[in-house]
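What the coordinates show
Here are the chains, one letter per residue:
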Amino acid sequence: MMCVLVYAGMAAAQGNVQNYFNDAACKVKAASDPSQKRDILVGAIQDMSKALGTVQNSPLVSKSDRAGLDRLNASLQEKQDELAGTNGFARVADDQLNAFSEYVVQDMEQADQTITIGVVAALLIVIIIILIA
């Protein structure tokens, strides 16, 4: 019974993170101005990075979860660098922002499969994202 609850909690938390970026992608597609699209993406990535940072500093998060959160945060930093054209990345062109938003969603979906974090860390991320957004 406990295992079922743990798996259900992790699935819900992962789904909420994916939904968060999916909602951002929908907002990007709905926006007509490229600077507005870019602002939506920057805000979503920064908010998730803040949430990850807060969760990483929690005493409830295990060492292995911190390693997973570090990898997820590094992936988000790369997306932010691509968006801004910093740290050796070419800036995402205005006409590519819709595609880039979909790329972020797909990358976060893949991260859920390759980066393992515990249920406590996953639920903390969701709670903090809800509070930030």
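Residues numbered from 1 in each chain as written. Predicted model: local features only at pLDDT ≥ 70, side-chain atom pairs only at ≥ 80, totals over all residues. Heavy atoms only, no water.

1. Let's talk about the confidence of the model for the chain
As a reminder of what qualifies: Each residue gets a pLDDT score, which is the predictor's confidence in that residue and runs from 0 to 100. Secondary structure elements are defined from DSSP: runs of H or I of at least 4 residues count as helices, runs of E of at least 2 residues count as strands, and each element is numbered from the N terminus. By definition in these notes, contact holds between two residues if any of their heavy atoms fall within 4.5 Å.
Residues at a pLDDT of 70 or more form 77% of the chain, whose mean pLDDT is 80. The element-level mean pLDDT for the chain is lowest in helix α1 (residues 2–30), coming to 64, with helix α2 (residues 34–56) highest at 92. In this model residues 1–14 is a low-confidence stretch, pLDDT under 50, and it forms 10 contacts with partners more than four residues away in sequence or in other chains.

2. Remarks on unusual backbone geometry
In this model, N87 sits at a positive phi of 55°, which is unusual for a non-glycine residue. Counting through the fold element by element, N87 comes out in the loop between α3 (63–84) and α4 (97–114).

3. Overview of the packing of α2 against α3
Our working definition: Axis definition: a line fitted to C-alpha atoms, limited for helices to the stretch in contact. Angles are taken between N-to-C directions and run from 0 to 180 degrees. In these notes the angle categories are as follows: under 35 degrees is roughly parallel, over 145 is roughly antiparallel, 65 to 115 is roughly perpendicular, and the rest is oblique. Crossing handedness: left-handed means the near helix sits turned counterclockwise from the far one by under a right angle, and right-handed means the same turn made clockwise.
Look at α2 against α3: their axes get within 10 Å of each other, and the N-to-C directions meet at 160°. For the element pair α2 / α3, the angle class is roughly antiparallel. Where α2 crosses over α3, the handedness of that crossing is left-handed. Contacts from R38, L41, V42, I45, Q46, M48, S49, L52, V55 and Q56 in α2 reach R66, L69, D70, L72, N73, L76, K79, Q80 and L83 in α3.

4. Remarks on α3
Residues separated by three or four positions in an α-helix point in the same direction, a consequence of the helix having 3.6 residues per turn. Defined as follows: Working rule for helices: expected span equals 1.5 Å times residues minus one. Exposure is judged per residue with a 1.4 Å probe applied to protein chains only, and the accessible area is read against the type maximum: over 50% gives exposed, under 20% gives buried, and values in between give partly exposed.
In this model α3 runs 31 Å from its N-terminal to its C-terminal C-alpha over 22 residues, within 8% of the 32 Å that 1.5 Å per residue would give. Every buried residue of α3 is listed here: D65, G68, L69, L72, N73, S75, L76, K79, Q80, D81, E82 and L83. Downstream of α3 by one or two residues, G85 has phi in the positive range, about 75°.

5. Quick notes on the pattern of salt bridges
Condition: Think of a salt bridge as a Lys or Arg side-chain nitrogen and an Asp or Glu carboxyl oxygen that are within 4 Å of each other.
Overall, the coordinates contain 3 salt bridges when judged by the stated rule. Across the pair D94 and R38 runs a salt bridge, and its minimum N-O distance is 2.8 Å. With a gap of 56 residues between them, D94 in the loop between α3 and α4 and R38 in helix α2 connect regions that are remote in the sequence. What makes R38 buried here is its relative accessible area of 9%.

6. Describing the layout of surface pockets
In this approach the atoms are scanned with a rolling probe the size of a water molecule, which exposes any empty space left behind. Keep this limit in mind: With a 1 Å grid spanning the protein atoms alone, the term cavity applies to any set of points in which a 1.4 Å probe fits but cannot get out, the term pocket to an open set with protein on both sides within 12 Å along at least five of seven lines, and the term lining residue to any residue with an atom within 4 Å of a point. Grid points are joined across faces, edges and corners, and a volume is the space filled by probe spheres set on the points.
In this model, the largest pocket occupies a volume close to 160 Å³. Lining the largest pocket are 10 residues, and of these Y20, A24, K27, A44 and D47 sit closest to its centre. Considering each element in turn, the lining of the largest pocket owes the most residues, 5 residues, to α2.

7. Topic: the side chain of Q56
Note the following rule: Here a polar contact is recorded for every N or O atom pair within 3.5 Å, except that within protein the pair must consist of a potential hydrogen donor and a potential acceptor, and residues adjacent in sequence are included only if both atoms are side-chain atoms.
Turning to its location among the elements, Q56 is positioned in helix α2. For Q56, a relative accessible area of 13% gives the class buried. Within the structure, the side chain of Q56 is placed 2.3 Å from the side chain of D70, a separation counted as a polar contact. Once residues within four sequence positions are removed from consideration, Q56 is found in contact with R66, L69, D70 and N73.

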